[in-house]
Amino acid sequence: PNVSNFNSQPSTFQEKWPALHIIGKDILIPAHGIYWPIMLHALGFPDEQMPKFLVHGWWNISGAKMSKSLGNVIDPNALAEEYGAETLRYYLTSDISTGGDSDFSEERLLSLYGTDLANSLGNLLNRSLTMAHKYRDGRLSKAFVSNPLFGQLEGTNPVLAAQLGWVSGMAKVQMDSFVASLSKCEVENMNGRSLHWSGLGNSLVQISSPWALVKDASLASILDAVLYHLLESLRIIAIYCSPVLPKAANGMFDQLNWKSELNGKEERFSLTDAEWGMLPDGHFVGKPVPLFPRIETDKTS
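Residues numbered from 1 in each chain as written. Predicted model: local features only at pLDDT ≥ 70, side-chain atom pairs only at ≥ 80, totals over all residues. Heavy atoms only, no water.

Asker: So what's going on with the packing of helix H3 (residues 76-83) against helix H4 (residues 85-94)? Residues and values would help.
Answerer: It is at 6 Å that the axes of H3 and H4 come closest, and there the two elements cross at 120 degrees. Taken together, the axis directions place H3 and H4 in an arrangement best described as oblique. Between H3 and H4, the contacting residues are Pro76, Leu79, Ala80 and Tyr83 on the first element and Ala85, Thr87 and Leu88 on the second. (Axes fitted to C-alpha atoms, helices over the stretch in contact; angles between N-to-C directions. Helix = DSSP H or I, 4+ residues; strand = E, 2+ residues; numbered from the N terminus. Parallel < 35°, antiparallel > 145°, perpendicular 65-115°, else oblique. Contact = heavy atoms within 4.5 Å.)

Asker: I'd like a rundown of the pattern of salt bridges, residues and numbers included.
Answerer: Evaluation of the coordinates by the stated rule reveals seven salt bridges. The residue lysine 25 makes a salt bridge to aspartate 101 at a minimum N-O spacing of 3.0 Å. Placement of lysine 25 in the loop between strand S1 (20-24) and helix H2 (28-42) and of aspartate 101 in the loop between H4 and strand S5 (102-103) is noted, with a sequence separation of 76 residues between them. Using a relative accessible area of 34% as the deciding quantity, one classes lysine 25 as partly exposed. A salt bridge links arginine 235 to glutamate 232; its shortest N-O distance comes to 2.8 Å. Pair noted here: arginine 235 and glutamate 232 are both in helix H11 (residues 220-241), with a separation of three residues, about one helical turn. (Salt bridge = Lys/Arg side-chain N within 4 Å of Asp/Glu carboxyl O. Buried < 20%, exposed > 50% of the residue type's maximum accessible area, 1.4 Å probe, protein only.)

Asker: Explain unusual backbone geometry to me, using residue names and the numbers behind them.
Answerer: The peptide bond linking tryptophan 17 to proline 18 adopts the cis configuration, its omega dihedral lying at 5 degrees. Secondary-structure assignment places proline 18 in the loop between helix H1 (11-14) and S1. Even without glycine at this site, asparagine 257 takes up a positive phi of about 55 degrees. For asparagine 257, a relative accessible area of 32% gives the class partly exposed. You will see that lysine 259, though not glycine, has its phi angle at about 55 degrees, which is positive. Mapping lysine 259 onto the fold places it in the segment after helix H12 (246-256).

Here it is in structure tokens:
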């Protein structure tokens, strides 16, 4: 703009400034890291209005830098068409740390899809909804909170009590981690926390053995607690997954029968809803539909 300082810039400009400049590490100095701030200072921009830089590393292939001149580039559109945009986005945001280098691998992309999305998150959603319908006709109960048997669980079954505490406690851990990681553009940490949480949920299934709890009517409150912890954690995981996996997050909310009126809108995944315990007593969940079906390719056979 043909103006001499920041304050004389139009409001539409000031609302979007200071900018976040995303550049490769090899062109930070001197052009972007030295000359550009000097030019802004010369225009009258104060120190607090200097832009921030998100400096990314290189995508290597077999240890060599990916470049057009070498002809070893990968077409992201072709990968997205073959495996799906969300699969590609999850891989790209999970397998490279902010500022560091990473070696691109199509086999690694398929591996992360299988282990993280299909076998961990997708499996947890499928088995949790299946058990909710099989054992409770799809209706959740929060009555376990006031049940004496649940209150005594720490003494009678400390392992299960601890696992339930870890699953519910991840709500605050994830919130703190999400905000911190987001401020540093560390998307890989955001993905990792959600994956860890789904892993805790799958461990809870193994530790609690709901198929055994349902056989003893006196343990009904414990079964209710397990099912609620599984499905409430999935509700919040969907919120944190939504920036990277918006389609899958909407699918999770659809199957949980949650915020249906906001389907397809960003407001459906507000961070203000990422608090533990918002699924109400008596909430009815839907039946599972596979979100991450097996990818059949020559590389997976």
